[in-house]
Number of protein chains: 2
Amino acid sequence: MIYNDKQLQIIGTAERLFANKGFDGTSVRDIADEAGVNIAMISYYFGSKEKLMEALFSKRSSDINLQVETLLHNEEIAPLQKMESLVDSYIDKVMQKQQFFKIMICEQVINKNPVIISLIHDLKKKNTEAINKLIKDGQQKGAFKKNIDVLLLINTLIGSITQMMLTSDYYKEYNGLQDIPEDQFFEQVKEKMSKHVKFLFKALLTYEV
Amino acid sequence: MIYNDKQLQIIGTAERLFANKGFDGTSVRDIADEAGVNIAMISYYFGSKEKLMEALFSKRSSDINLQVETLLHNEEIAPLQKMESLVDSYIDKVMQKQQFFKIMICEQVINKNPVIISLIHDLKKKNTEAINKLIKDGQQKGAFKKNIDVLLLINTLIGSITQMMLTSDYYKEYNGLQDIPEDQFFEQVKEKMSKHVKFLFKALLTYEV
DNA sequence: GTTTTTAAATTAAACGTTTGTTTAATTTTG
DNA sequence: CAAAATTAAACAAACGTTTAATTTAAAAAC
């Protein structure tokens, strides 16, 4: 689906408002006002508020697929390093697209809209397959242990990062970082999470129980 | 605060509906109908829909504090075992009170109601302190390594379990468990998560980088 | 122990807003 | 000039909350 500028603006505004106020907490008037369009344009372009959400979800889903193919066939990089590279790119994506991930979390909690549940399903499947390829590759080369539960691995990756996203205010206060600039804090969190998750992955992929 | 039976019934109904439809997706009429009370009783007892949410949150918060004192002073249990015991009790709590945890997640995403943010803050603080005591104890006894980031540890604990809660449908399908009874699946997930998180904790607490 | 009094609980109805969506008319564009 | 885009206005429905009247329950008075 290709959208014109006005449609993309509506989608962008909806994304911000849905992330900050929730789907039901956002009115189509909110979206129309902040996007600078007439309220009727939302039905005109998308059909309904719900279909706008589905359009936004569909659009953003396609942006955050983990790409693993070029990594996979690069024989100069060790399996564990490949996985660490994937971890970093995932952390980047979550931090860059925080709003979309917030929406995704709430939609998973509510678990009502079948179109969106299906899109999340597809996303999970693709990510699982991508990581599975890296795992198989690493196992063949003897770098990774056997019997790795890929879903638990992904759960820990996504869960740890998501949880940090949701509680970054608390993390900031706990570490006395209230006064540093936001983008600096941002980078610091990314760096911390990167080392942390890589450590976890090393354990999950290589240490025998 | 002490509530009578009718108030507790309203709180219980609100918890279920807020968890399944979100705060803004639930109307006071929904709550009143399903709780079998007149719609005016909600304002009468709680003041407003928002204050009902705060009352429910306050009530449930007090139920899920991690207790660590008796564990801490039991010198017959090794530090790592104490931590594993805490992990199990946390997994139990999340699985038992899934509805409340779902509400908590959404409230963290929206991040608007200061009363609730403050309650989540308190909860996090108490949990952090409890786990910190176990960590200090383990470090003194030489069982745990130095330089443990307790917030990252907790993030991984909460995040992994939460993520499993949100994606258990996918986990079920992926592992071909659609046909087993719900409570059996429940126990299986708990067992899997328990082993998984304990493995992660052992790595985070004892393996040097 | 019965009656009276007072407070609490419960109700149906109404309140003014806000909701998502549609209409029909108008303007803009190619 | 036809198609697409945009508008203000209107729509019924649903929203959270309040009202004022009534019923129930508990306490006080006799």
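Keep in mind it's a predicted model, so treat the numbers as computed, not measured. (Residues numbered from 1 in each chain as written. Chains lettered and ligands numbered in written order. Predicted model: local features only at pLDDT ≥ 70, side-chain atom pairs only at ≥ 80, totals over all residues. Heavy atoms only, no water.)

## What to know about the protein's contact with DNA strand D
Move 1: Inspection of the region around DNA strand D gives 16 residues, with M41 of chain A together with V28, R29, S48 and K49 of chain B positioned closest.
Move 2: Of everything in DNA strand D that lies within 4 Å of the protein, sugar and phosphate atoms constitute 48%.
Move 3: Separating a phosphate oxygen of DNA strand D from a side-chain N or O atom of Y44 of chain A is a distance of 3.0 Å.
Move 4: A distance of 3.4 Å separates a phosphate oxygen of DNA strand D from a polar atom in the backbone of T26 of chain B.
Move 5: Looking at the surface near DNA strand D, the elements with two or more residues in it are α3 (40-46) of chain A together with α2 (28-35) and α3 (40-46) of chain B.
Move 6: Looking at which element gives the most residues to the surface near DNA strand D, the answer is α3 of chain A, with 4 residues.
Move 7: Considered class by class, the residues forming the surface near DNA strand D number 7 nonpolar, 5 polar and 4 charged. (Near = heavy atom within 4 Å. Polar contact = N/O pair within 3.5 Å; in protein donor to acceptor, adjacent residues only side chain to side chain. Helix = DSSP H or I, 4+ residues; strand = E, 2+ residues; numbered from the N terminus. Nonpolar A, V, L, I, M, F, W, Y, C, P; charged D, E, K, R; others polar.)

## Comments concerning the domain arrangement of chain A
All names here are of chain A.
Move 1: Taken as a whole, chain A is organised into domain 1 (5-53) and domain 2 (64-206).
Move 2: Centre-to-centre separation of domain 1 and domain 2, based on C-alpha positions: 29 Å.
Move 3: Across the boundary between the two partners, domain 1 contributes 7 residues, which contact 7 residues of domain 2.
Move 4: Taking both sides of the interface into account, the surface hidden between domain 1 and domain 2 amounts to around 630 Å²; carbon and sulfur atoms contribute 63%. (Domains from an automatic or database assignment. Contact = heavy atoms within 4.5 Å. Buried area = accessible area lost by both parts, 1.4 Å probe.)

## Here we look at the packing of aromatic side chains
Move 1: If you walk through the whole model with that rule in mind, you get 17 aromatic pairs over all chains.
Move 2: Their ring planes at 75° and their centres at 6.2 Å tell us that F100 of chain B and F101 of chain B sit as a pair that is edge-to-face.
Move 3: The structure contains a cluster of three or more aromatic residues connected by ring pairs, namely F57, Y90, F100 and F101 of chain A.
Move 4: We note K49 of chain A situated over the ring of F23 of chain A; from NZ or CZ to the ring centre the distance is 4.4 Å.
Move 5: Between the NZ or CZ atom of K172 of chain A and the centre of the ring of F185 of chain A, over which it lies, the distance is 4.7 Å. (Phe/Tyr/Trp six-rings, centres within 6.5 Å; stacked < 30°, edge-to-face > 60°. Lys NZ or Arg CZ within 6 Å of the ring centre and 35° of its normal.)

## Things to note about the interface of chain B and chain A
Move 1: Taken residue by residue, the interface counts 50 residues in chain B and 50 residues in chain A.
Move 2: Counting the surface lost from both chain B and chain A, the interface buries some 4300 Å², and carbon and sulfur atoms represent 66% of this.
Move 3: Broken down residue by residue, the surface that chain B buries against chain A is led by V109, Y170 and F199 of chain B, which jointly contribute 16%.
Move 4: The tally of links between chain B and chain A comes to 2 salt bridges.
Move 5: Salt-bridge contacts for D149 of chain B lead to K192 of chain A; the nearest nitrogen and oxygen are separated by 3.4 Å.
Move 6: Joining chain B to chain A, the criterion identifies 18 residue pairs in polar contact (both at pLDDT 80 or more).
Move 7: Counting only elements with at least two residues in the side of chain B that touches chain A, the list comes to α1 (5-21), α7 (98-110), α8 (114-140), α9 (150-166), α10 (168-174) and α11 (182-206) of chain B.
Move 8: When residues of the side of chain B that touches chain A are assigned to their parent elements, the largest contribution, 13 residues, is made by α9 of chain B.
Move 9: For the side of chain B that touches chain A, the residue count by class is 22 nonpolar, 17 polar and 11 charged. (Salt bridge = Lys/Arg side-chain N within 4 Å of Asp/Glu carboxyl O.)

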